[in-house]
Amino acid sequence: MSQRAPIGIFDSGVGGLSVARDIRKLLPLEDILYYADSAYCPYGDKDPKIIQQREKKIGQFLVSQGAKIIVVACNTATSTGLEDLRGLLNVPVIGMEPGVKPAVAATRNGKIGVLATCVTIAGDRFATLVKRYAENTEVITQPCPGLVELIECGKLAAPETEQKLRSFLQPVLDQGADTIVLGCTHYPFLRPMIERLAGPGISIIDTGQAVARQVNRVLNEHNLTITDGFLGSEQFYTSGSQAAVREVIQSLWLRNNISVTALPLI
Ligand code: DGL
């Protein structure tokens, strides 16, 4: 495997771009292939079997395009299929899970709130995470159905997004959480709104940077990190509408000249 091979990243949609931007910051020379499974978004209320099938197809596609490592930039897909994907692909696969561990370290009153999808919160992986790191912490879980769809439309500051977010955040704050975990990769794009609604004194935990550091560590271990050359490029793919997804990616990636290819992977 060549060091020049790209990093493959995927999510149900544009949420994983919050992780991809942390990877881009830490590893500016790396090429990135990003797959947004927009036709199947949201994953968060789907049958885990369907999500697993999608993960396999996307993982195999990214490897067929030469990816040297796969990043499952999705808490939901990690929860449903990380182990299977690792068994299937012959490159390292990095997953991610809600930042319960850093939240337990950050809380001052022993109460943390976790915003995530229904599938992530209901999964065995999340139960294990809470058991391992949060036995003496009160964990208030809050599924946020409908939020991902608004982010997929680029409605990051819309009144309907604020209304929905408030309806999920307020009960968690009312129960006394002083630390909020963003347990879905879409939510960091709402961070300014979350901070404003939560007010001062509430810590927000996002695991994007930790995932980027883990990617860096694993690439180094396998001697796969690019060490010199030009700045890396990004190539985006989607199972959804090329024009619609391109528009949202451009606004989130803060660039105008990006290339998005429609590729359904049926
Ligand atoms: N961004 C994903 C996550 O981290 C999935 C959201 C969804 O498709 O429901 O969980």
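Whatever comes next refers back to the structure up there.
Residues numbered from 1 in each chain as written. Predicted model: local features only at pLDDT ≥ 70, side-chain atom pairs only at ≥ 80, totals over all residues. Heavy atoms only, no water.

### So, the packing of aromatic side chains
What describes a pair of aromatic rings is the distance from one ring centre to the other and the angle between the planes of the rings.
Link 1 in the chain: Scanning the model with the defined rule gives 4 aromatic pairs in all.
Link 2 in the chain: With a centroid separation of 5.0 Å and 85° between ring planes, the pair formed by F61 and Y237 is classed as edge-to-face. A residue pair is termed long-range when its members are at least 10 positions apart, and F61 in helix α2 (residues 48-64) and Y237 in strand β9 (residues 234-238) qualify at 176 residues.
Link 3 in the chain: Between F236 and W253 the ring centres are 5.7 Å apart and the planes differ by 75°, which places this aromatic pair in the edge-to-face class. With F236 in strand β9 and W253 in helix α11 (residues 242-253), the pair connects residues that are 17 residues apart, well separated along the chain. (Phe/Tyr/Trp six-rings, centres within 6.5 Å; stacked < 30°, edge-to-face > 60°. Helix = DSSP H or I, 4+ residues; strand = E, 2+ residues; numbered from the N terminus.)

### A look at the site of the ligand
Link 1 in the chain: Inspection of the region around the ligand gives 14 residues, with S12, Y43, G44, T76 and H186 positioned closest.
Link 2 in the chain: Here an oxygen atom of the ligand and a backbone polar atom of G44 are 2.7 Å apart.
Link 3 in the chain: In isolation the ligand offers 300 Å² of accessible surface; the protein chains occlude 99% of this area.
Link 4 in the chain: Structurally, the ligand is housed in the largest cavity. (Near = heavy atom within 4 Å. Polar contact = N/O pair within 3.5 Å; in protein donor to acceptor, adjacent residues only side chain to side chain. Areas by Shrake-Rupley, 256 points an atom, 1.4 Å probe, with all protein chains shown as cover. 1 Å grid on protein atoms, 1.4 Å probe; cavity = no way out; pocket = protein on both sides within 12 Å on 5 of 7 lines; lining within 4 Å. Sits in = over half its atoms within 2 Å of the grid points.)

### What to know about the sheet that holds strand β2 (residues 32-36)
Link 1 in the chain: Within the open sheet, the 6 strands sit side by side as β4-β3-β1-β2-β9-β10. Their pairing is parallel. The open sheet terminates on both sides in strands that have one partner only, identified here as β4 (93-94) and β10 (260-262).
Link 2 in the chain: Taken together, the 4 bridges between strand β1 (residues 7-11) and strand β3 (residues 69-72) define a ladder with parallel strand orientation. Bridging across to β3, G8 finds its partner in I70. (Pairing = 2+ DSSP bridges.)

### A word on the pairing of strand β5 (residues 111-116)
Looking down a regular strand, the side chains alternate between one sheet face and the other.
Link 1 in the chain: With 5 of 6 residues buried, β5 is to be regarded as a mostly interior element.
Link 2 in the chain: The sheet contact formed by β5 and strand β6 (residues 138-143) spans 6 bridges and is parallel. Bridging from a neighbouring strand, I112 pairs with V139 of β6. (Buried < 20%, exposed > 50% of the residue type's maximum accessible area, 1.4 Å probe, protein only.)

### Remarks on the environment of V218
Link 1 in the chain: Here V218 lies in helix α10 (residues 208-221).
Link 2 in the chain: Along the primary structure V218 and P192 are separated by 26 residues, whereas in three dimensions their C-alpha atoms are 31 Å apart.
Link 3 in the chain: Those residues in contact with V218, other than ones at most four positions away along the chain, are I69, P92 and I94. (Contact = heavy atoms within 4.5 Å.)

### What about the nonpolar core?
Link 1 in the chain: Counting residues in each nonpolar core, the largest one holds 54 residues, and the members touching the most others are I23 and V215.
Link 2 in the chain: When near neighbours in sequence (up to four residues on either side) are disregarded, I23 contacts I7, I9, I32, V71, A212 and V215.
Link 3 in the chain: In this structure, I51, I58, I70 and L82 belong to the second largest nonpolar core, which totals 21 residues. (Core = buried A, V, L, I, M, F, W, Y, C linked by side-chain atoms within 4.5 Å.)

### Some points on the sheet that holds strand β7 (residues 179-182)
Link 1 in the chain: The strand order across the open sheet built from 4 strands is β6-β5-β7-β8, with neighbouring strands paired in parallel fashion. The outermost strands of the open sheet, each flanked by one partner alone, are β6 and β8 (203-205). Direction aside, neighbouring strands of the sheet carry axes that sit 20° apart on average.
Link 2 in the chain: Relative to β7, β5 runs parallel, the two being bridged by 4 bridges. Note that in β7 the partner of I112 across the bridge is T179.
Link 3 in the chain: Contacts from helix α8 (residues 159-174) reach β5, β6 and β7, with the element oriented near 165° to β6. (Axes fitted to C-alpha atoms, helices over the stretch in contact; angles between N-to-C directions.)

### Concerning the pattern of salt bridges
Oppositely charged side chains may form a pair once their charged atoms are brought near each other.
Link 1 in the chain: Taken as a whole and assessed by the stated rule, the structure comprises 12 salt bridges.
Link 2 in the chain: Ionic pairing is found between E160 and K155, a salt bridge with its closest N-O pair at 2.9 Å.
Link 3 in the chain: We classify E160 as partly exposed; its relative accessible area is 39%.
Link 4 in the chain: The residue E162 makes a salt bridge to R166 at a minimum N-O spacing of 2.9 Å. With E162 and R166 both in helix α8 and 4 residues apart, the pair spans about one turn of that helix.
Link 5 in the chain: By sharing partners, the salt bridges in this structure join R24, E234 and R255 into a single network. (Salt bridge = Lys/Arg side-chain N within 4 Å of Asp/Glu carboxyl O.)

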